[in-house]
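Structure assessment
Each chain, written out:
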Amino acid sequence: MPCFRHKPVRFSIFASQNDSESMFDPVEIKKAGRILAQSKKIALICHKNPDGDTIGAALAMYHYLSKKDYVVNALVPNDFPGFYQWMPGSEKMHIYDREAKYVRQCIAEADVIFCLDFNSLDRTGNMADALKKAKAVKIMIDHHQAPSDEFEYCFSVIDTSSTGELVYEFIDALGDKERIDLNVALALYTCIMTDTGSFSFSCNHARTYEIIADLVKRGVDAAKVHKLVYDTYSENRLRLLGFAISSRMLVWNGLHTAVIRLSKDDLKRFDFQIGDTEGVVNYPLSMAHINLAVLLTEKDDIIRISFRSKGDFDVNDFARKHFNGGGHRNASGGNSKLSLTATLEQMKNILGQYRQALDYQITLE
Ligand code: 5GP
Ligand code: MN
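Keep in mind it's a predicted model, so treat the numbers as computed, not measured.

Here's the deal with the packing of helix α2 (residues 52-66) against helix α6 (residues 182-195)
Running from amino to carboxyl end, α2 crosses α6 at an angle of 165 degrees, the nearest separation of the two axes being 8 Å. Compared by their axis directions, α2 and α6 come out roughly antiparallel. α2 and α6 meet at a crossing whose hand is left-handed. The residues of α6 that touch α2, namely those facing Gly-52, Asp-53, Gly-56, Ala-57, Leu-59, Ala-60, His-63 and Tyr-64, are Asn-183, Val-184, Ala-187, Leu-188, Cys-191, Thr-194 and Asp-195.

Structural data, given as structure tokens:
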């Protein structure tokens, strides 16, 4: 029976903003533990266009549960970037785009399905219908706003660094902290590092650093993980970044916004590989007066949009309202069915309504 030293104030969709200790509802944890004890086959699900947090959370659970003799399958809707492929176990993940039949079978046969780093089944793209039909008990562990009611168990804390941090808490709450071996620790460290932009946002809880300290004690080489994720650019990727900033960025000073747009031809010119545009959207925020950064990327049938903000401007709300998306307060994504040019025009028009909301300065107070 896990020991709970504090009231679970950060549990539930109504996460508190002011507690530095992350803790789940002990009753829910006990129930989830009981379900796990009665189960054999477990499927771990990542969201579409996987990032370090969803991949790391799935791999951490993969290593943790495999050692407990479960039959575990980690399932991803589509390919993930090469800079996560050094992670132990990543070669064992099954990608729906390549192995649809096997992935569907794993979902259908699972006793328990963990949904990691997303809170609505639609975020799994083509896997969503199989997940909706599955007989398994669905356990969601996530930190995005506005969870759907498609899950039997909802371990959701919005005010936290990452899903990886919550997976650590989940394992700890089950009384299994000592089962966090180096493979689990590496995966969890990657979650927290990538989802906080190397500890530059969503990183104001002391608890995050307590967990980081524990992961380092368990053998994580933090500097090495950083290099493996961030210092593995191809020449084309770095040149694409330079081109995006020097030739494809518009700065709308009056709106405190900068927009980078990349066409299919731009991507082709730099031999685009999955993951090559990750992080591009963050660069415009390094300008002092820019509070909102937008990246528009032309895909085959859709324009993918990434939003990043610093300070008060809520891009989750903005993406939800105008671009069929969502995410977090300072990092979100969405889509547009218009052309690249039309999306850009629409963006400028909509942002006109937010002129005042975007006009602020970051200060210490
Ligand atoms: P990114 O810009 O890196 O693709 O996404 C930023 C954040 O927004 C991530 O936490 C991601 O999960 C979330 N996000 C991205 N696209 C969407 C979307 O279409 N819908 C929702 N609900 N969240 C999204
Ligand atoms: Mn995340």
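From this point, the discussion proceeds with the structure in view.
What to know about the site of ligand 1
Near ligand 1 lie 13 residues; those nearest to it are Arg-123, His-144, Ser-306, Arg-308 and Gly-326. At a separation of 2.5 Å, an oxygen atom of ligand 1 approaches a polar side-chain atom of Ser-306. Here an oxygen atom of ligand 1 and a side-chain polar atom of Arg-308 are 2.9 Å apart. Burial of ligand 1 by the protein amounts to 80% of the accessible area it has alone, namely 500 Å². Per element, the largest residue contribution to the shell around ligand 1 is four residues, and it comes from strand β12 (residues 331-336). Residue classes in the shell around ligand 1 are distributed as one nonpolar, nine polar and three charged.

A closer look at the coordination of the manganese ion (ligand 2)
At this site the manganese ion (ligand 2) is bound by Asp-53 (OD), Asp-117 (OD), His-143 (NE2) and Asp-195 (OD), with donor distances of 2.1 to 2.3 Å. Linear spacing of the donor residues for the manganese ion (ligand 2) on their chain is D-x63-D-x25-H-x51-D. Of this pair, Asp-117 sits in the loop between β4 (112-116) and α4 (128-133) while Asp-195 sits in helix α6, placing them 78 residues apart in sequence. The class for Asp-117 is buried, based on a relative accessible area of 1%. Exposure remark for Asp-195: the relative accessible area of 15% places this residue in the buried category.

Details of helix α11 (residues 315-323)
Here α11 has its buried residues at Val-315, Asn-316, Phe-318, Ala-319 and Phe-323. For α11, the angular spread of the buried residues around the axis is 165 degrees, confining them to a single face. Contact partners of the buried residues in α11: β9 (292-298), β10 (303-309), β11 (326-327), β12 and α12 (340-352). The N-cap residue of α11 is Asp-314: its side-chain oxygen and the backbone nitrogen of Asn-316 are 3.0 Å apart. Asn-324 lies just past α11 and shows a positive phi near 55 degrees.

Here we look at the sheet that holds β12
The sheet built from six strands is open, its strands ordered β7-β8-β9-β10-β12-β11 with mixed pairing. Two strands in the sheet have a free side with no partner beyond their single neighbour: β7 (249-252) and β11. Where β7 and strand β8 (residues 257-262) come together, four bridges link them in antiparallel fashion. The residue of β8 that forms the bridge with Leu-250 is Val-259. Taken strand by strand, α11 contacts β9, β10, β11 and β12, and its axis lies near 10 degrees from that of β12. The sheet contacts of α12 involve β7, β8, β9, β10 and β12, and relative to β9 the element is tilted by about 160 degrees.

The rules behind the values
Residues numbered from 1 in each chain as written. Chains lettered and ligands numbered in written order. Predicted model: local features only at pLDDT ≥ 70, side-chain atom pairs only at ≥ 80, totals over all residues. Heavy atoms only, no water. Axes fitted to C-alpha atoms, helices over the stretch in contact; angles between N-to-C directions. Helix = DSSP H or I, 4+ residues; strand = E, 2+ residues; numbered from the N terminus. Parallel < 35°, antiparallel > 145°, perpendicular 65-115°, else oblique. Left-handed = near helix turned anticlockwise from the far one by under 90°. Contact = heavy atoms within 4.5 Å. Near = heavy atom within 4 Å. Polar contact = N/O pair within 3.5 Å; in protein donor to acceptor, adjacent residues only side chain to side chain. Areas by Shrake-Rupley, 256 points an atom, 1.4 Å probe, with all protein chains shown as cover. Nonpolar A, V, L, I, M, F, W, Y, C, P; charged D, E, K, R; others polar. Donors = N, O, S within 2.8 Å, 3.2 Å for Na, K, Ca; no water. Buried < 20%, exposed > 50% of the residue type's maximum accessible area, 1.4 Å probe, protein only. Arc of directions from axis to C-beta. Pairing = 2+ DSSP bridges.

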